[in-house]
Amino acid sequence: MNFDISVFYYAAIGGALLGVASGLYYLLVGRIFGVSGILFSLFEKPIAIRALSVLGLLAAGLILSKIGALKTIEIKANYIELIIAGFLVGYGSRIANGCTSGHGICGISRFSLRSLVSVIIFMIAAIITVFIKSKLGA
Amino acid sequence: MNKSGIISFILSLLFGIGLGISGMTNPQNVIGFLDVFGNWKPALILVMGAGILFAIPFFYIAKKRDKSILGENFPNIPTIIDTKLIIGSIAFGIGWGIAGICPGPALVIATHFPKEIGLFLTAMIIGGKIADIKV
């Protein structure tokens, strides 16, 4: 066990911020802040809201990058893994109507049983996937 | 540009900053969080925990209103739990576990890792399109 306690504070503070942001998004704009849904319907009305939501996330990345907050990030997945992962994330979130933001944050916050079921299933699937990958030594 | 658009931009920006602060934007953190049977890094549970806790009041207030504060209609959100939800969630979970990347963090780190995230997002859109064909 070599973890630093500060990662827990960061996780809670970051989580609180994104919780407030997605709650306000629903209360003000009247839409679920679900990133997969926004991406899939990017060119459907209301285009401005969807496009500006994507731009907001990209802008956040530029700011984080500028202050050096993305320096320690590494993507260990190779190109083939990235393609398979992206495909499954896209296929899955399309037919399940949501991902970690839409089901995970917004769905559970409005006490949706459907979202809770989705989150429990994708968490279990992801944990098993990581377990199998570690056993394969990948 | 309308008010909803500007608000969407600001709140998405805050959401993205939140993701960055929380550690969700680092795929290795996510994989560590999912590695429950290995070298488990539990901190990210607090992202979802705090996120939900702080979002609940807003959804609660919204529930008591006819329209959003900016005058938009609230959406009709499906409640059905069917095989599509289950299969989709399994597929999503496997994909998330393989690379440690989900759509929100992908967009946040997109400009930092254009090649990797470009591939991921392209494959993601294709996956979504194929899901549309099958149904």
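Scroll up for the structure.
What comes next is a walk through the structure. Owing to the predicted nature of the structure, the values given are computational and were not obtained by experimental measurement.

Structural notes on the overall build of chain B
Move 1: Counting secondary structure elements, chain B contains 6 helices and 0 strands.
Move 2: Seen through its principal axes, chain B has C-alpha atoms that stretch 45 × 40 × 30 Å.
Move 3: Expressed as a percentage of its 135 residues, the buried residues of chain B come to 52%.
Move 4: Taking contacts inside chain B between residues at least 6 apart in sequence as the whole, the part at least 24 apart equals 42%.
Move 5: As displayed, chain B has an accessible area near 6300 Å², and 68% of this comes from carbon and sulfur atoms.

Notes on the interface of chain B and chain A
Move 1: Contact with chain B, which involves 103 residues of that partner, is made by 95 residues of chain A.
Move 2: Carbon and sulfur atoms supply 81% of the area that chain B and chain A bury against each other, a total of about 9300 Å² over both sides.
Move 3: The tally of links between chain B and chain A comes to 1 salt bridge.
Move 4: In this structure, A:R94 engages B:D132 in a salt bridge whose closest nitrogen and oxygen atoms are separated by 2.7 Å.
Move 5: Counting across the interface, chain B meets chain A through 12 residue pairs in polar contact (both at pLDDT 80 or more).
Move 6: Those elements giving two or more residues to the side of chain B that touches chain A turn out to be α1 (3-22), α2 (27-34), α3 (45-63), α4 (83-99), α5 (103-108) and α6 (114-134) of chain B.
Move 7: Ranked by residue count, the leading element in the side of chain B that touches chain A is α1(B), at 18 residues.
Move 8: For the side of chain B that touches chain A, a count of residues per class yields 69 nonpolar, 25 polar and 9 charged.

Things to note about the layout of surface pockets
Residues and elements named next belong to chain A.
Move 1: Volume-wise, the largest pocket comes out at about 710 Å³.
Move 2: Lining the largest pocket are 34 residues, and of these I32, G34, G37, I38 and N97 sit closest to its centre.
Move 3: Counting residues per element, the lining of the largest pocket draws most heavily on helix α2 (residues 35-40), at 4 residues.
Move 4: Partitioning the lining of the largest pocket into residue classes produces 12 nonpolar, 15 polar and 7 charged.

Side note on the nonpolar core
Move 1: Ranked by internal contacts, the top residues of the largest apolar core, which has 73 residues, are B:L34, B:W96 and B:I117.
Move 2: Tallying contributions element by element places helix α1 (residues 6-29) of chain A first for this core, with 9 residues.
Move 3: The contacts of B:L34, once residues within four sequence positions are left out, are A:M123, A:A126, A:I127, A:V130, B:W96 and B:G97.

Thoughts on empty space enclosed by the protein
One simple way to see leftover space: roll a probe sized like a water molecule over the atoms.
Move 1: Taken as a whole and assessed by the stated rule, the structure comprises 1 cavity of 30 Å³ or more.
Move 2: There is about 210 Å³ of room inside the largest cavity.
Move 3: At the level of elements, α5 (100-109) of chain A together with α1, α3 and α5 of chain B are the ones that each hand at least two residues to the lining of the largest cavity.
Move 4: Split into classes, the residues belonging to the lining of the largest cavity amount to 15 nonpolar, 3 polar and no charged.

Comments concerning the packing of helix α6 (residues 113-135) of chain A against α4(B)
Move 1: One way to put it is that α6(A) packs onto α4(B) with a least axis distance of 7 Å and a crossing angle of 40°. In terms of orientation, α6(A) lies oblique with respect to α4(B). Judged by the twist between their axes, the crossing of α6(A) over α4(B) is right-handed. Contact residues: A:R114, A:V117, A:S118, A:I121, A:F122, A:M123, A:A125, A:A126, A:T129, A:V130 and A:K133 in α6(A); B:L85, B:I86, B:S89, B:I90, B:F92, B:G93, B:I94, B:W96, B:G97 and B:I98 in α4(B).
Move 2: Considering only residue class, the contact of α6(A) with α4(B) consists of 14 nonpolar, 5 polar and 2 charged.

Here we look at α5(A)
All names here are of chain A.
Move 1: Taking burial as the measure, the 10 residues of α5 include 10 buried ones, the bulk of the element.
Move 2: Buried residues of α5: T100, S101, G102, H103, G104, I105, C106, G107, I108 and S109, and no others.
Move 3: Taken from the residues just after α5, F111 is the one with a positive phi, measuring 55°.

Concerning the packing of α2(B) against α4(B)
Residue and element names in this part refer to chain B.
Move 1: Packing of α2 against α4 leaves a shortest axis separation of 8 Å and a crossing angle of 120°. In terms of orientation, α2 lies oblique with respect to α4. Contacts between α2 and α4 pair P27, V30, I31 and L34 from the former with W96, G97, I98 and A99 from the latter.
Move 2: For the contact of α2 with α4, the residue count by class is 7 nonpolar, 1 polar and no charged.

Some words on α6(A)
Residue and element names in this part refer to chain A.
Move 1: In this model α6 runs 33 Å from its N-terminal to its C-terminal C-alpha over 23 residues, within 8% of the 33 Å that 1.5 Å per residue would give.
Move 2: Among the residues of α6, the N-terminal cap falls to S112, whose side-chain oxygen and the backbone nitrogen of R114 are separated by 3.4 Å.
Move 3: Positive backbone phi, at 75°, marks G137, one or two positions downstream of α6.

Things to note about the environment of A:Y79
Move 1: Mapped onto the secondary structure, A:Y79 falls in helix α4 (residues 79-95).
Move 2: The residues touching A:Y79, leaving out its near neighbours within four places in the chain, are B:K115, B:E116 and B:L119.

About the cut-offs
Sequence order as written defines the numbering, with residues in each chain counted from 1. For naming, the first written chain is A and the first written ligand is 1, with later ones following in the order written. Residues qualify for local features only when their pLDDT is at least 70, as the model is predicted, and side-chain atom pairs are given and counted only at 80 or more; totals for whole chains, interfaces and linings, by contrast, use all residues. Side-chain measures were taken over the full set of non-hydrogen atoms in the model, leaving aside hydrogen atoms and water. Under the DSSP-based scheme used, a helix requires at least four consecutive residues in state H or I and a strand at least two consecutive residues in state E, with every element numbered from the N terminus. Here's how the labels work: a residue is buried when its accessible area is under 20% of the maximum for its type, exposed when over 50%, partly exposed in between, all with a 1.4 Å probe on protein chains only. Residues are treated as being in contact if the distance between any of their heavy atoms lies within 4.5 Å. A 1.4 Å probe and the Shrake-Rupley method give the accessible areas. Residues count as covered only by the protein chains that appear here. Accessible area that two parts lose when put together, evaluated with a 1.4 Å probe and summed over both, is termed the buried area. The term salt bridge refers to a pairing of a side-chain nitrogen on Lys or Arg with a carboxyl oxygen on Asp or Glu at a separation within 4 Å. Polar contacts here mean pairs of N or O atoms no more than 3.5 Å apart (in protein, one a potential hydrogen donor and the other a potential acceptor; neighbouring residues in sequence count only if both atoms are side-chain atoms). The nonpolar class holds Ala, Val, Leu, Ile, Met, Phe, Trp, Tyr, Cys and Pro. Asp, Glu, Lys and Arg form the charged class, and all remaining residues, Gly among them, are polar. In the cavity and pocket records, a cavity denotes points on a 1 Å grid over the protein atoms alone where a 1.4 Å probe fits but cannot get out, a pocket denotes an open set with protein on both sides within 12 Å along at least 5 of 7 lines, and lining residues are residues with an atom within 4 Å of a point. Grid points are joined across faces, edges and corners, and a volume is the space filled by probe spheres set on the points. Take the buried residues of types Ala, Val, Leu, Ile, Met, Phe, Trp, Tyr and Cys, join any two whose side-chain atoms come within 4.5 Å, and each joined set is a nonpolar core. Helix axes use the C-alpha atoms of the stretch in contact, all axes being lines fitted to C-alpha atoms, and the angles between their N-to-C directions lie in the range 0 to 180 degrees. We call two directions roughly parallel when the angle between them is under 35 degrees, roughly antiparallel when it is over 145, roughly perpendicular when it lies between 65 and 115, and oblique otherwise. Handedness of a crossing follows from how the near helix is turned relative to the far one, being left-handed for an anticlockwise turn of less than a right angle and right-handed for a clockwise one. Each residue after the first adds 1.5 Å to the expected span of a helix.

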